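Close look at the chain arrangement
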Amino acid sequence: MKARGSTWGEPRQSVGAKQVRRELLENQSIELLKTLHLVTRDGQLNADARRKLKQVNHFVGLLTPALDDALERFEKPLVVDVGSGNAYLGFILYELFLKPRENGELLNVESRDELTAKAKERASALGFSRMQFETAQIAKGKYPEKIHVLTALHACDTATDEAISVALEHKAEHIALVPCCQAEVAQQLKDARPKVDSAMQSLFSHPWHRREFGSHLTNVIRALVLEANGYQVTVTELAGWEHSLKNELILARRTGQPNGIAKKRLESLLSSTGVSPSKLPLPRGGEGRGEG
Ligand SMILES: C[S@@+](CC[C@H](N)C(=O)[O-])C[C@H]1O[C@@H](n2cnc3c(N)ncnc32)[C@H](O)[C@@H]1O
């Protein structure tokens, strides 16, 4: 029998000390990964840690042009990572982008206090003095007036919508989102069925389709909200599916030009599907470039 990995992609496996270097980004240190307990003391990378490191490193790679742009253009750049969990992403971004510079801050916002406390302790031990932490719901966090880069890696369900709302309010120059599980819109689709056109209904009448379509629709709405509010949006894949099942990356760059076509499409999509994500700032009024 063939190894599962040959048909189904790379199997989840530990990586020995000698191979760990191949997993690293340029200038990424094994010492930091040991402090984060992603690499063991004897230099091994276990399967789960390897998966996490792949996700974060792919994310960092795709985010690099945005970070370089923000760090170059602004005197006091602020990177905010929301739903930051153990702050693996924040630590890695700090080591690669902020530590070599004398300015720039990185704020992590996370609702679980024990995760914030542990990450804060690590940052202090590492001397990462421009890394800040706040225990808060994303929507209720205290943010400086201007955010330059906002990231949300696998922020659960509507937490990604909260992240978009904060980013728009603080006119983030760059936004990078990898959405996680999504439930709200699937439930709204179920509730909206009687009001929706029957052909449209067939897209989500089976629960499985409703979950998949709900997830897709949520991300389409997110992209349109960003475009409507003056962002150029790119949607792409984060990493191979064997490293993450939640794999859609939404990158947005602020142009400051609200897009009326996106706004109209958004309004039409919301009305034809009967959904209305509760945490997203859905556009109102007649601003924008208009159809054409
Ligand atoms: C799946 S984890 C991802 C953590 C981290 N971004 C990573 O990729 O390793 C999602 C994190 O978001 C946090 N979270 C979920 N909803 C949140 C909200 N509304 N406000 C703040 N944090 C939230 C959870 O407590 C959890 O730590």
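Residues numbered from 1 in each chain as written. Predicted model: local features only at pLDDT ≥ 70, side-chain atom pairs only at ≥ 80, totals over all residues. Heavy atoms only, no water.

1. Considerations on the site of the ligand
Near the ligand, the surroundings consist of 16 residues, among which Gly83, Glu110, Gln137, Ile138 and Leu153 are the closest. In this structure, an oxygen atom belonging to the ligand sits 3.0 Å away from a side-chain N or O atom of Lys52. One of the backbone nitrogen or oxygen atoms of Leu153 is found 2.8 Å away from a nitrogen atom of the ligand. Summarising the interface, the protein chains cover 82% of the accessible area of the ligand, which totals 590 Å² for the free molecule. Taken together, the residues of the shell around the ligand sort by class into six nonpolar, six polar and four charged. (Near = heavy atom within 4 Å. Polar contact = N/O pair within 3.5 Å; in protein donor to acceptor, adjacent residues only side chain to side chain. Areas by Shrake-Rupley, 256 points an atom, 1.4 Å probe, with all protein chains shown as cover. Nonpolar A, V, L, I, M, F, W, Y, C, P; charged D, E, K, R; others polar.)

2. Focus on the pairing of strand β7 (residues 248-254)
Where strand β5 (residues 174-178) meets β7, four bridges bridge the pair, whose relative direction is antiparallel. When the sheet's bridge partners are listed, Ile175 is paired in β7 with Ala252. Relative to β7, strand β6 (residues 231-237) runs antiparallel, the two being bridged by seven bridges. Paired with Val233 across the two strands is Ala252, which belongs to β7. (Pairing = 2+ DSSP bridges. Helix = DSSP H or I, 4+ residues; strand = E, 2+ residues; numbered from the N terminus.)

3. A few points about the confidence of the model for the protein chain
Residues of the protein chain with pLDDT of at least 70 account for 89%, and the chain-wide mean is 90. Confidence over residues 285-292 falls short of pLDDT 50; this stretch has 14 contacts with residues more than four positions distant or in other chains. (pLDDT = per-residue confidence, 0-100. Contact = heavy atoms within 4.5 Å.)

4. A closer look at the pattern of salt bridges
Scanning the entire structure with this criterion turns up 13 salt bridges. Glu173 is the salt-bridge partner of Lys146, the closest N and O atoms lying 2.6 Å from each other. Taken together, the positions of Lys146 in the loop between β3 (131-135) and β4 (149-153) and Glu173 in the loop between α7 (159-169) and β5 put the pair 27 residues apart, joining distant regions of the chain. By relative accessible area, which is 29% here, Lys146 ends up partly exposed. Between Lys263 and Glu267 there is a salt bridge, with the nearest N and O atoms lying 3.6 Å from each other. Linking Lys263 with Glu267, this pair stays in helix α11 (residues 260-273), spanning four residues, or about one helical turn. Classification of Lys263 by relative accessible area gives buried; the value is 7%. Using a relative accessible area of 36% as the deciding quantity, one classes Glu267 as partly exposed. In this structure, a network of salt bridges that share partners links the residues Asp69, Arg73, Lys146, Glu173 and Arg254. (Salt bridge = Lys/Arg side-chain N within 4 Å of Asp/Glu carboxyl O. Buried < 20%, exposed > 50% of the residue type's maximum accessible area, 1.4 Å probe, protein only.)

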